[in-house]
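Working through the structure, step by step
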Amino acid sequence: MITVASLEEAAREVRELRERVESARAWLDVEELERKRDSLQEESTRPDLWDDPERARQVTKQLAMVNEDLETFGELHRLLEDVETLVELAREEGEDSLLPEIVDGMSRLERRLDEVEMRTLLSGEYDERDAICEIHAGEGGTDAQDWAEMLLRAYLRWAERNGYEVEIDEVSEGQEAGITSATFVVKGRYAFGRLRGEQGTHRLVRISPFNAQGKRQTAFAALTVIPFIEEDQADIEIAEEDIRIDRFRSSGAGGQHVNVTDSAVRITHKPTGIVVTCQNERSQHQNLERAMQILKAKLADLERKKREEEISQIVGEKQRVGFGTQIRSYVLHPYQMVKDLRTGVEVGNVEAVLDGDLDRFMDAYLQWERSRKSDDGERR
């Protein structure tokens, strides 16, 4: 929040904000975006564009993203011009009474700049893509299964708060409560970039509602995140003999998450051991098609990780989801706190975090990641 005591201070702050807006113009590369927009608009009006549906979808999607970036910069520029006009008017008339309105305008501009500048940290090759997410209950018995469902709700609420669309493909009900696993796709720009730092083991400490003695219980659940990239999947060929397809009745947790039908499908990829289950679609054919889509995305991700010599993180020996492996701790007893063990970020309002208030952790991870890369570069 910007605070200033005089018009002169306000004028200095506005000059600094202008420098930030000009920096945004440079890294957004507004001139190149305008050229790209004109080219894509011309292509989108071609009468034969939809003869190639895949290309048509790519053009439409790219044009929407380019327009979004240009609109974002246009908003920054308008906010800047508005506050500059107010400062000029106040100085000409010697009106300090306009100072609160000026401060309000500068604060709105600063908030939008903070949001836009955070996108400079989302420059990874797949950061703009949709994200395929899986949650698995770990050590902790019934509490872990309940915790897995709490995590699922937290990420669904986060997606809702940020305007992302979510498709839940599979939820496996726990024996007494909660869930043992869930697969869902978060759709929208930067979904993967925002969520990839959430990958890992999450630890919950609380008084167990499932313990008759009211003892404190520690439970674990893990989240995995991979980018959903349809064009990479086109190159993935899966031999019939390499997969096993099982069909069964779906059983979403109390019917809350998925349609309960006889059309659920589970595909096991024998060479890698990857298992994909889909039970959210109405027909068996739709579930099979969706499951194959997700399997191809996972195999494509495997190939990418092989090229990056990180295959052990995906297909190596599975990491135990338990003590000593967590990236973040959520403590409900004997005190209230959520702490990320990588970035050191701590929050006392656990309820808000579990209701989807996760952005501060995601932002801190991106900044921590950039800092580590910078340190690695200096050491080399």
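Further up the page is the structure itself.
These lines cover the structure that appears in this document, whether it is placed above or below. None of these values were measured; they are calculated from a predicted model. (Residues numbered from 1 in each chain as written. Predicted model: local features only at pLDDT ≥ 70, side-chain atom pairs only at ≥ 80, totals over all residues. Heavy atoms only, no water.)

Between the first and last C-alpha of helix α3 (residues 53-93) there are 59 Å, a value that for 41 residues agrees with the 60 Å anticipated at 1.5 Å per step. Of the residues flanking the end of α3, it is Gly-94, one or two places downstream, whose phi is positive at about 60°. (Helix = DSSP H or I, 4+ residues; strand = E, 2+ residues; numbered from the N terminus. Expected span 1.5 Å × (residues − 1).)

Across the interface, α3 lies against helix α4 (residues 99-118) with an axial gap of 9 Å and an inter-helix angle of 155°. What the angle tells us is that α3 and α4 run roughly antiparallel. Where α3 crosses over α4, the two elements pack in a sense that is left-handed. Contact with α3, carried on its side by Thr-72, Glu-75, Leu-76, Leu-79, Leu-80, Val-83, Leu-86, Val-87 and Ala-90, involves Glu-101, Ile-102, Gly-105, Met-106, Arg-108, Leu-109, Arg-112, Leu-113 and Val-116 of α4 and no other residues of that element. Considered class by class, the residues forming the contact of α3 with α4 number 12 nonpolar, two polar and four charged. (Axes fitted to C-alpha atoms, helices over the stretch in contact; angles between N-to-C directions. Parallel < 35°, antiparallel > 145°, perpendicular 65-115°, else oblique. Left-handed = near helix turned anticlockwise from the far one by under 90°. Contact = heavy atoms within 4.5 Å. Nonpolar A, V, L, I, M, F, W, Y, C, P; charged D, E, K, R; others polar.)

Burial analysis of strand β5 (residues 216-228) places 10 of its 13 residues in the buried class, the great majority of the element. As defined by bridge partners, strand β1 (residues 130-137) adjoins β5 across eight bridges and the pair is classed as antiparallel. Residue pairing for β5: Glu-134 is matched across the bridge by Thr-224. (Buried < 20%, exposed > 50% of the residue type's maximum accessible area, 1.4 Å probe, protein only. Pairing = 2+ DSSP bridges.)

What follows deals with the nonpolar core. Ranked by internal contacts, the top residues of the largest apolar core, which has 42 residues, are Phe-184, Val-186 and Leu-195. Here the element with the most residues in this core is helix α5 (residues 141-161); it accounts for eight residues. In contact with Val-186, other than residues within four places in its own chain, are Asp-130, Ala-131, Cys-133, Trp-158, Ala-159, Tyr-164, Glu-165, Val-166, Ala-191 and Leu-195. Counting residues in hydrophobic clusters, the runner-up holds 35 residues, among them Val-4, Leu-63, Leu-76 and Val-103. (Core = buried A, V, L, I, M, F, W, Y, C linked by side-chain atoms within 4.5 Å.)

Take the pattern of salt bridges next. Under the criterion given, the structure shown has 40 salt bridges. Taking the shortest distance from any N to any O, the salt bridge between Arg-108 and Asp-104 comes out at 3.4 Å. Here Arg-108 pairs with Asp-104, and both are found in helix α4, just four residues apart, close to one helical turn. Of the charged contacts, one joins Arg-112 and Glu-115 as a salt bridge, the two residues approaching to 2.5 Å between their closest N and O atoms. Residue Arg-112 and its partner Glu-115 are both found in helix α4; the two are separated by three residues, about one turn of the helix. Each of Arg-18, Glu-22, Arg-25, Glu-31 and Glu-84 takes part in one network of salt bridges that share partners. (Salt bridge = Lys/Arg side-chain N within 4 Å of Asp/Glu carboxyl O.)

Attention now goes to the pairing of strand β8 (residues 274-278). In the case of a regular strand, side chains alternate between the two sheet surfaces. By the criterion of burial, β8 is predominantly enclosed, with four of the five residues buried. As paired strands, strand β7 (residues 264-269) and β8 are joined by five bridges and run antiparallel to one another. Following the sheet pairing, Thr-268 is matched in β8 by Val-275. Remark: four residues form the turn of the hairpin made by β7 and β8, two consecutive strands paired antiparallel; Gly-273 in that turn has positive phi of roughly 80°.

This part is about the environment of Leu-109. Mapped onto the elements of the fold, Leu-109 is located in helix α4. In this structure the C-alpha to C-alpha distance between Leu-109 and Glu-75, which are 34 residues apart in sequence, comes to 9.0 Å. Ignoring any residue separated from it by four or fewer positions in sequence, one finds Leu-109 in contact with Leu-17, Val-21, Leu-76, Leu-79 and Leu-80.

With that settled, consider the sheet that holds β5. What the eight strands build is an open sheet, ordered β2-β3-β1-β5-β4-β9-β10-β11; its pairing is mixed. Edge positions in the sheet fall to β2 (165-173) and β11 (346-347), since each has one partner strand and no second. Most of the contacts of α5 go to strand β3 (residues 179-187), to which it runs at about 10°, and overall it touches β1, β2, β3, β4 (200-207), β5 and β9 (326-331).

Our next topic: the side chain of Asp-127. Checked against the element boundaries, Asp-127 lands in the loop between α4 and β1. The contacts of Asp-127, once residues within four sequence positions are left out, are Leu-121, Leu-122, Tyr-190, Ala-191, Phe-192, Gly-193 and Arg-196.

So, on to the sheet that holds β8. A sheet is described by the order of its strands in space; here three strands give the open sequence β6-β7-β8, paired in antiparallel fashion. The open sheet terminates on both sides in strands that have one partner only, identified here as β6 (243-248) and β8. Adjacent strand axes in the sheet meet at a mean angle of 15°, parallel and antiparallel pairs treated alike.

Attention shifts here to unusual backbone geometry. Put simply, His-333 and Pro-334 share a cis peptide bond, and its omega is 15°. Its location among the elements puts Pro-334 in the loop between β9 and β10 (337-340). Phi is positive for Asp-29, close to 55°, though the residue is something other than glycine. Here Asp-29 lies in the loop between α1 (7-28) and α2 (30-44). Given the relative accessible area of 35%, Asp-29 is considered partly exposed. Phi is positive for Tyr-190, close to 70°, though the residue is something other than glycine. Along the polypeptide, Tyr-190 turns up in the loop between β3 and α6 (191-195).

On their own, these measurements won't tell you what the molecule is for.
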